[in-house]
Amino acid sequence: MQTVKIIGGGLAGAEAAYRLAKNGIKVKLYDIKPNKFTPAHQSEKYAELVCSNSLKSNDVYGNAAGLLKEEMRMLGSLIIEAADKTKVAAGNALAVDREKFSEYITEKLCAENNIERITEEVTDVNLDEYTIVASGPLTTQSLSDKIMQMVGGGLYFYDASAPIIDFESIDMEHAFFGDRYDKGNGDHINCPMNKEEYEAFISALSTAEKAKLHGFENTAVFEGCMPIEVMAARGHDTLRFGPLKPVGLTDPKTGRWAYACLQLRREDADGNMYNMVGFQTNLLWGEQKRVFSLIPALKNAEYHRYGVMHRNTFINSPKVLCEDYSLKNHGKVFFAGQITGVEGYVESAASGLMAAIYCERKIKNKKSVTVSDNTVLGALAKYITTENKDFQPMNANFGILPPLNRIIRDKAQRKREQAERSLSKISEFIKEINND
Ligand SMILES: Cc1cc2nc3c(=O)[nH]c(=O)nc-3n(C[C@H](O)[C@H](O)[C@H](O)COP(=O)(O)OP(=O)(O)OC[C@H]3O[C@@H](n4cnc5c(N)ncnc54)[C@H](O)[C@@H]3O)c2cc1C
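The structure reproduced in this document is the subject of the present report.

About the criteria used
- Residues numbered from 1 in each chain as written.
- Predicted model: local features only at pLDDT ≥ 70, side-chain atom pairs only at ≥ 80, totals over all residues.
- Helix = DSSP H or I, 4+ residues; strand = E, 2+ residues; numbered from the N terminus.
- Rg over C-alpha atoms; globule rule 2.2 N^0.38 Å.
- Buried ≥ 20, exposed ≤ 12 C-beta atoms within 10 Å, placed from the backbone.
- Pairing = 2+ DSSP bridges.
- Near = placed C-beta within 6 Å.
- Nonpolar A, V, L, I, M, F, W, Y, C, P; charged D, E, K, R; others polar.
- Axes fitted to C-alpha atoms, helices over the stretch in contact; angles between N-to-C directions.
- Parallel < 35°, antiparallel > 145°, perpendicular 65-115°, else oblique.
- Left-handed = near helix turned anticlockwise from the far one by under 90°.
- Contact = placed C-beta atoms within 7 Å.
- Core = buried A, V, L, I, M, F, W, Y, C linked by C-beta atoms within 7 Å.
- Domains from an automatic or database assignment.

### Thoughts on the overall build of the protein
A count of helical and extended segments in the protein gives 12 helices and 18 strands. For 436 residues, the compact-globule formula gives about 22 Å, and the C-alpha radius of gyration of the protein, at 22 Å, lands near that figure. Seen along its three principal axes, the alpha-carbon backbone of the protein occupies a region of about 65 × 50 × 45 Å. Within the protein, buried positions represent 48% of all 436 residues.

Following this line, the structure appears as structure tokens:
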């Protein structure tokens, strides 16, 4: 039996390894951890969440991220199974206890006899060996150089993460529990600011010192994960319409919405840690402490982790990748995860799942199939492999799904029907791959 080499045990690599092993394929799973870590990884476990602990919406019929999760659940995704088992309260979102999440996945991978786990930095790709390259946006330099040589140059953007705060250090005299418009279980902590406090905060933020990032000035930041200091530079009130949006958050002390309000989301099941929602940043760590202490509830905040920012590398998938995630010129080599230009934890895992399904079929000489682009799984693969002069990373969203064959004006109804169509296509796909 063929062996598949998987480079990287992150979201995509862990998902791919499990799928292949469960289907009788031997896997060699390589990761540099725990001998070495990329600048954003810290844990020794597989499938580490490097920033937020939220896997975004769990709403199957109203949100494409929720629909993608359901498609993956139907296909037996390990990542979604782990998220469902380790979730923490977060309203409509699927947020997890990151330690338990990675631990669950690591235990599952360690229990698989078909998986050999190797701690090693891979620096080359053998084009004649079945391989899934899932080394992520922070692929080590030597491998990244090799890949870029192989596929003819790479693309990049910058991604930032938000700080995590110790619960006990939050001043609850200046904060309150509750969700926006009371939609949820009241799990968020809200940190209100009045006009003077907001102005002092914006003024300190605009002059705070940033960490040096070579080439940053010349490049785009990912719009969906923009550092607050970049957002603030776009206008005095930009943050009040973004992560400091006060609408729908009634302060029980005043009975009113504040001038600005930061939300904190629970990080772990026990509620010991909270992350600053939408507060990804590239400020120097000391500056984060100084500037964020101007938010009254965070005056004495203690940080479990400060925000960081990194360059994310991805390949020019429209040029080099087929819809089954294999290289156009080297059919045994597959790519999966953020390095393909899908963006996000779940999207990365999704591409790992699909690459593994297609790789297994190739090894077993089964008919070549790809999942319908009426599904989020298929639409993402189609998006990243369709010609595009300004190729940028893509999240799950309804915009990439083809329209329905009739016009429905009501947006919620339209999404529901697109979701129903998608789930029925996944059922057909499952029958197709199980029947040969
Ligand atoms: C700073 C930052 C913050 C992010 N925040 C979010 C967020 O909040 N929400 C979200 O949805 N997405 C976020 N992302 C984007 C993305 O979803 C994650 O990066 C996700 O982990 C990508 O999954 P992956 O499997 O492609 O790569 P990873 O999960 O990064 O896994 C890659 C693995 O490969 C290993 N590796 C690297 N090089 C080698 C090598 N040469 N040999 C062997 N092993 C190697 C690494 O150690 C790692 O374990 C963020 C990304 C970054 C960089």
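Having seen the structure, we can now continue with the description.
### Points about the sheet that holds strand β16 (residues 303–305)
The strands making up a sheet are joined through hydrogen bonds of the backbone, oriented either antiparallel or parallel. Reading across the sheet, the six strands line up as β10-β11-β14-β15-β9-β16 and stay open at both edges, with antiparallel pairing between neighbours. Edge positions in the open sheet fall to β10 (176–177) and β16, since each of these has one partner strand only. Pairing of strand β11 (residues 189–193) with strand β14 (residues 260–266) involves five bridges; the strand directions are antiparallel. Across the sheet, the residue bridging to I189 is L264, located in β14.

### Points about the site of the ligand
Taken together, the neighbourhood of the ligand is formed by 38 residues, with G8, G10, C51, G136 and G337 sitting nearest. Contributions of two or more residues to the shell around the ligand are made by α1 (11–22), β2 (26–31), β17 (309–315) and α10 (345–363). It is α1 that provides the largest number of residues to the shell around the ligand, a total of three residues. A breakdown of the residues in the shell around the ligand according to their chemical character gives 16 nonpolar, 18 polar and four charged.

### Some remarks on the pairing of β17
Burial analysis of β17 places five of its seven residues in the buried class, the great majority of the element. Where strand β8 (residues 154–160) and β17 come together, seven bridges link them in antiparallel fashion. Bridged to G154 within β17 is I315.

### Looking at the packing of helix α2 (residues 64–74) against α10
The N-to-C vectors of α2 and α10 enclose an angle of 30 degrees; their axes lie 11 Å apart at closest approach. For the element pair α2 / α10, the angle class is roughly parallel. Considering how the two elements wind past one another, α2 and α10 form a crossing that is left-handed. Residues A65, L68, K69 and M72 of α2 pack against V346, A350 and L353 of α10. The residue inventory of the contact of α2 with α10, partitioned by class, reads six nonpolar, no polar and one charged.

### Some words on the sheet that holds strand β3 (residues 54–57)
The sheet built from three strands is open, its strands ordered β3-β5-β4 with antiparallel pairing. Taken across any chain shown, the strands that pair with only one partner, and hence form the sheet edges, are β3 and β4 (87–88). In this structure, β3 lies alongside strand β5 (residues 93–96), joined through two bridges in antiparallel fashion. By the bridge assignment, S57 is partnered in β5 with A93.

### What about the nonpolar core?
Ranked by internal contacts, the top residues of the largest apolar core, which has 127 residues, are A16, A17 and L380. When residues of this core are assigned to domains, at least three map to each of domain 1 (3–160 + 312–434) and domain 2 (164–307). Excluding residues within four positions of it along the chain, L380 makes contact with V342, E347, A350, M394, A396 and I400.

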